[in-house]
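Commentary on secondary and tertiary structure
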Amino acid sequence: MWVTMSSAAVPAGDRFEWFSDLVTRELAPIAIRRERGGTFQGDAAVLDLGRVQVSTYSYTPLRSRRTPAHIRQSDPDQYHLALLTRGATWFSQQRSETTQSVGEMVLWDSSRPFESGTTEGTEPISAIVLQVPKQALPLRPERVDRLLARTFTGDSGMGAVLAGFLRTLTAHGSDCAPHERSRLDQITIDLFSACLATRLDLCDQLPGEARAEALLARIDAFIDHNLGDTELTPHTIAAHHHISVRRLHQLFAGQDETVAATIRRRRLERCRADLARPELLGRPVHAIAARWGYPNAPVFSRAFRAAYGTSPTDFRGQAVQRWRARSVKGSCAREQRPDGPRS
């Protein structure tokens with residue numbers, strides 16, 4: 001489960017020191033100084049998957065530096081990868097310096113000195129940080145060194161797959177049982193390895209299981225991005241990824257459902273979510289169904305009822321009743337709120 005920590009629970013004068021100690025404990029010893037005055041704020045959440053740790057950090061602008069003395073003090077012997085979700089930063093290691101904006105990632109080695117900071121005038125920073133032991137990677141360190149302090153795009157290819165996976169972990173990782181977190185530990189290492197190997201053009205050096213996991217993740221992302229395409233089928237998915245349909249079904253053999261069942265379930269989930277959105281009340285049910293790959297309204301209605309035990313129209317009607325009940329409750333609460341002090 002996620003362990004959350006917030007400077008809001010710490011006296012204002014102690015927050016910066018508290019956050020510095022937190023970073024040293026969870027990542028590695030570093031020297032931190034503030035980029036500007038005012039009240040410092042910092043929050044963190046940590047999810048331990050086993051060998052891998054995923055953390056989220058939010059903080060007001062800082063500058064950090066890890067020196068040889070810090071490394072001698074303590075070194076987790078890990079690669080760290082940060083996905084920026086708010087603000088803008090720069091990072092320097094091994095005579096390489098790069099900048100990151102929202103959606104981009106940067107890699108560094110805990111065993112080497114580095115410097116980093118927030119871009120001048122930037123807003124508070126938020127990032128997801130992945131920590132992976134070096135010995136868990138199937139790639140030689142001298143190859144990985146080429147990628148230190150380099151910006152990874154998070155909007156295409158394996159970078160997008162890894163970034164999407166990290167966001168999903170932060171949203172749903174705490175819902176997983178211990179045996180599921182153990183599986184996620186290996187999946188995270190496989191996707192991280194595949195992302196690095198793709199950048200280095202060394203995918204053929206990955207173990208077969210890691211290559212399969214990476215391919216399955218790319219297919220998973222492809223399905224999500226193309227649910228509205230009525231031509232999305234196992235055949236088109238296989239063709240797009242240059243594999244046979246048989247190979248596609250083999251990849252899904254270890255999953256909880258077939259590839260066709262995955263497409264059906266996700267389409268229905270998107271339809272159900274849209275039918276429950278107040279701002280889409282004016283959009284006809286058949287239009288919502290068509291948006292997510294169901295051009296035939298009767299077919300959609302039957303599939304929806306089979307999945308959820310009610311028709312799309314009845315489900316939307318129940319959602320409308322819940323919206324109105326909440327609206328009335330909120331109005332009553334506002335009306336019953338006592339007036340402020342009178343002079």
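Scroll up for the structure.
Residues numbered from 1 in each chain as written. Predicted model: local features only at pLDDT ≥ 70, side-chain atom pairs only at ≥ 80, totals over all residues. Heavy atoms only, no water.

Here the focus is the sheet that holds strand β7 (residues 89–93). Read from one edge of the open sheet, 5 strands run β2-β5-β10-β7-β8, paired in antiparallel fashion. If you trace the sheet from one side to the other, it starts and ends with β2 (31–34) and β8 (96–100), each paired once. The mean angle between the axes of side-by-side strands here comes to 10°, regardless of whether they run parallel or antiparallel. Of the strand pairs in this sheet, β2 and strand β5 (residues 62–66) are connected by 4 bridges, and their pairing is antiparallel. When the sheet's bridge partners are listed, arginine 34 is paired in β5 with leucine 62. On top of the sheet, helix α1 (residues 15–26) reaches β2 and β5; it is set at about 150° to β2, its chief contact. (Pairing = 2+ DSSP bridges. Helix = DSSP H or I, 4+ residues; strand = E, 2+ residues; numbered from the N terminus. Axes fitted to C-alpha atoms, helices over the stretch in contact; angles between N-to-C directions. Contact = heavy atoms within 4.5 Å.)

Take the sheet that holds strand β4 (residues 53–59) next. The strand order across the open sheet built from 7 strands is β1-β3-β4-β11-β6-β9-β12, with neighbouring strands paired in antiparallel fashion. Unpaired on one side and paired on the other, β1 (3–6) and β12 (151–152) mark the two borders of the sheet. With 8 bridges joining them, strand β6 (residues 78–86) and strand β11 (residues 125–133) adopt antiparallel strand pairing. Following the sheet pairing, arginine 86 is matched in β11 by serine 126. Each of β3 (42–48), β4, β6, β9 (105–109) and β11 touches helix α4 (residues 157–172); the most contacted strand, β6, lies at about 80° to it.

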